[in-house]
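Remarks on the overall topology
Each chain is listed here by its residues.
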Amino acid sequence: TTPATDVYPRKILEYMEGFLISKTVFTSCELGVFDVLLAAERPLSAEEISQAVGTSLDGTQRLLAACTGLQLLNTHWDSGQVFYSNTEQSRVFLTRSSPLSLSQSIQYSSRTIYLCWHYLTDAVREGRNQYEKAFGVSSKDLFQALYRSDEEMVKFMHLMNSIWNICGRDVVTAFDLTPFKFICDLGGCSGALAKQCTLAYPECTVTIFDLPKVVRVSGEHFVTEADQRISFHEGDFFKDSLPVADLYILARILHDWTDERCTELLCRIYKACKPGGAVLLVEALLNEDGSGPLTAQLYSLNMLVQTEGRERTGAQYAALLAASGFTNIQHRLTGKIYDTVLGHKET
Ligand code: SAM
C-alpha cells in the first residue's frame, strides 16, 4: 500500500504556487508596508496601514494576513481587533532605510527578473536570453540591454550592491588575501565588495574597474570620499588595458559569459597580473555531480533568461583558469550563496 504522504503532492503544490509568495513579498515591499510599521514604532491596524500606504482596506487586510502566514509580520490582539508589527527579519531586511535592506533587490526581482522569467519556456527552447521579448531591446550587447536606460542601470547597481552587505565578508575572507596589496575588482560595479575588502584587509587598496557610466554613478552615489583606499578605473575589460594588480577579483562576472568569453577575459587578466599574483572568482558554485545547491541551479536558469552565461562547478572554473595560465587553483565554499575560487600566477 502507498503511504499517505506519497499521494498528497505537498512539494508539487508548494512549487506550483511558489510565485504567489514572491508576489506577496514584492507587493508588500513596493507599497511600503514594512516602512510604515517601522516608522509607527507601535503595532498598527489594517485601517491605519491602508490609509498610510493609500490602498483599499479589503486588499490590505488580505495582504497583511498573507504576510502573517509567511511569518513576515507579527499580530497582536487588543479588544478583539488585530494589530500588526514587523518581525525582526522584516525590520532588518525588508525596510528601505535599513543598512541591510533587500528592498532594492526585491524591486529588481519584481520589475525585471520576474518579467524575464515569464519567458523561461522560450529561453529553454531557444537556449538564449529573453530581453527582446520581455523589454523590446536587442540583446546583442548584453550590458547595453541590461543598462537600457540610466534608471535601469542604477536599479541593477542597487541589486548588485545589497547582497555584499549580507555575505561579502564571507567571500573576501574565505581565503586569506593579506598578501595581496593592490587589488583590482573587475566589473566592481557599486563597490560593495571593494568596501568589504578594505574592511577585512587594512593594508590593501582596491581599484574598481567598470564601464564608464557605471564608474560615474558608483563614484557619485555609492562610494564616498571617506573610502580613500578605493579608486576607479573606467574601461571595457574585453578591450582596454587592465590595471596592474596583485589580485584581480571577478565577482559574478564569469557567470555572465560563455566559456570562450571567460577564457578571453582570464587570458587578459593573466597577462596584466603581477608574477606571484592571483585571481579570485566569486560565484555560486554548483556541486560537481550537479545535485545542487538548488539556489545555484535556479541561478543558472536565471543566467539563461538574462545573460549569455551559466553557473558552473568548481572544476569547470578551475578548467577555465588553467586554460588561461593560472596554477595552484583551489576553491572554498562559504555555506552561503556565493563561494570563491583562487588561481595563482607563478612568480
Ligand atoms: N562584481 C559586481 C558584484 O558582484 O556585485 C557586479 C557584477 S555584475 C553581474 C557585472 C559587472 O560587470 C557590472 O558592474 C558591469 O557593468 C560590468 N561589466 C560588464 N561588461 C563589462 C566590460 N566589458 N568591461 C567592464 N565592466 C563590465
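Residues numbered from 1 in each chain as written. Predicted model: local features only at pLDDT ≥ 70, side-chain atom pairs only at ≥ 80, totals over all residues.

**Thoughts on the sheet that holds strand β6 (residues 247-251)**
Formally: We call two strands paired when DSSP finds no fewer than two bridges between them. Starting at the N terminus, helices and strands are each numbered in turn, a helix being any DSSP run of H or I of at least four residues and a strand any DSSP run of E of at least two. Between N-to-C directions, angles cover 0 to 180 degrees, with each direction set by a line fitted to C-alpha atoms, over the stretch in contact for helices.
What the seven strands build is an open sheet, ordered β5-β4-β3-β6-β7-β9-β8; its pairing is mixed. This sheet does not close on itself; its edge strands, each paired only once, are β5 (230-234) and β8 (327-332). Between one strand and the next, the sheet's axes are offset by a mean angle of 20°, whatever the strand orientation. Bridge analysis of β6 against strand β7 (residues 278-283) gives five bridges, and the strand direction is parallel. Of the residues in β7, the one forming a bridge with Y248 is V279.

**Section: the environment of G168**
We apply this condition: Field definition: a residue is buried when 20 or more other C-beta atoms are found within 10 Å of its C-beta, exposed when 12 or fewer are, and partly exposed for counts in between, with C-beta atoms placed from the backbone. A residue pair is marked as a contact if its C-beta atoms, positioned from the backbone, fall within 7 Å.
Structurally, G168 can be placed in helix α12 (residues 150-173). G168 gets classed as buried once you count the C-beta atoms within 10 Å, which come to 23. Along the chain, G168 and V124 lie 44 residues apart, while their C-alpha atoms are 31 Å from each other. Excluding residues within four positions of it along the chain, G168 makes contact with A192, L193 and Q196.

**So, the packing of α12 against helix α14 (residues 212-222)**
Quick reminder of the rule: Roughly parallel means an angle under 35 degrees; roughly antiparallel means over 145; roughly perpendicular covers 65 to 115; every other angle is labelled oblique. By convention the crossing between two helices is left-handed if the near helix lies anticlockwise of the far one by an angle smaller than a right angle, and right-handed if it lies clockwise. Here the nonpolar group is Ala, Val, Leu, Ile, Met, Phe, Trp, Tyr, Cys and Pro; Asp, Glu, Lys and Arg are the charged ones; every other residue, Gly included, is treated as polar.
One can describe the packing of α12 onto α14 by two numbers: an axis separation of 11 Å at closest approach and a directional angle of 65°. Considering the angle they form, α12 stands roughly perpendicular to α14. Along this stretch, α12 crosses α14, giving a crossing that reads as right-handed. Residue-level contacts link M153, V154, M157 and N161 of α12 to K213, V214, V217 and F222 of α14. Grouping the constituent residues of the contact of α12 with α14 by class yields six nonpolar, one polar and one charged.

**Some remarks on the site of the ligand**
We apply this condition: Throughout this description, a residue near a molecule or strand is one whose C-beta atom, derived from the backbone, lies within 6 Å of it.
By nearness alone, 16 residues border the ligand, and M160, G187, C189, A251 and R252 come closest of all. The class makeup of the residues in the shell around the ligand is 10 nonpolar, two polar and four charged.

**Quick word on the confidence of the model for the protein**
Test applied: pLDDT expresses, on a scale from 0 to 100, how confident the predictor is about each individual residue.
On average, residues of the protein score 96 in pLDDT, and 99% of them reach the 70 mark or higher. Here the predicted complex carries an ipTM of 0.99, next to a pTM of 0.95.

**A look at α12**
Let me state the cut-off plainly: Expected span of a helix: the number of residues minus one, times 1.5 Å. In this analysis the local bend is the angle between axes fitted, respectively, to the seven residues ending at and the seven residues starting at the residue.
With 24 residues, α12 ought to run about 34 Å at 1.5 Å a step, and its terminal C-alpha atoms sit 33 Å apart, in line with that. Along α12, the sharpest kink reaches roughly 70°, centred on C167. Within the span of α12, buried status applies to M157, L159, M160, N161, S162, W164, G168, V171 and V172. Of the surrounding secondary structure, the elements contacted by the buried residues of α12 are α8 (103-117), α13 (192-200), α14, β7 and β9 (339-344).

**Quick word on the pairing of strand β4 (residues 205-210)**
One face of the sheet, then the other: side chains in a regular strand alternate in exactly this way. Heads up, the rule is: When the strands point away from the viewer, a crossover counts as right-handed if the path from the first strand over the helix to the second runs clockwise.
The buried fraction of β4 is high, at five of six residues. Pairing geometry for strand β3 (residues 182-186) and β4, over five bridges, is parallel. Note on β4: the bridge partner recorded for L186 is F209. Taken together, β3, α13 and β4 constitute a β-α-β crossover, and its handedness is right-handed. Pairing geometry for β4 and β5, over five bridges, is parallel. Counted as the bridge partner of V206 is I230 from β5. Taken together, β4, α14 and β5 form a β-α-β motif whose crossover is right-handed.

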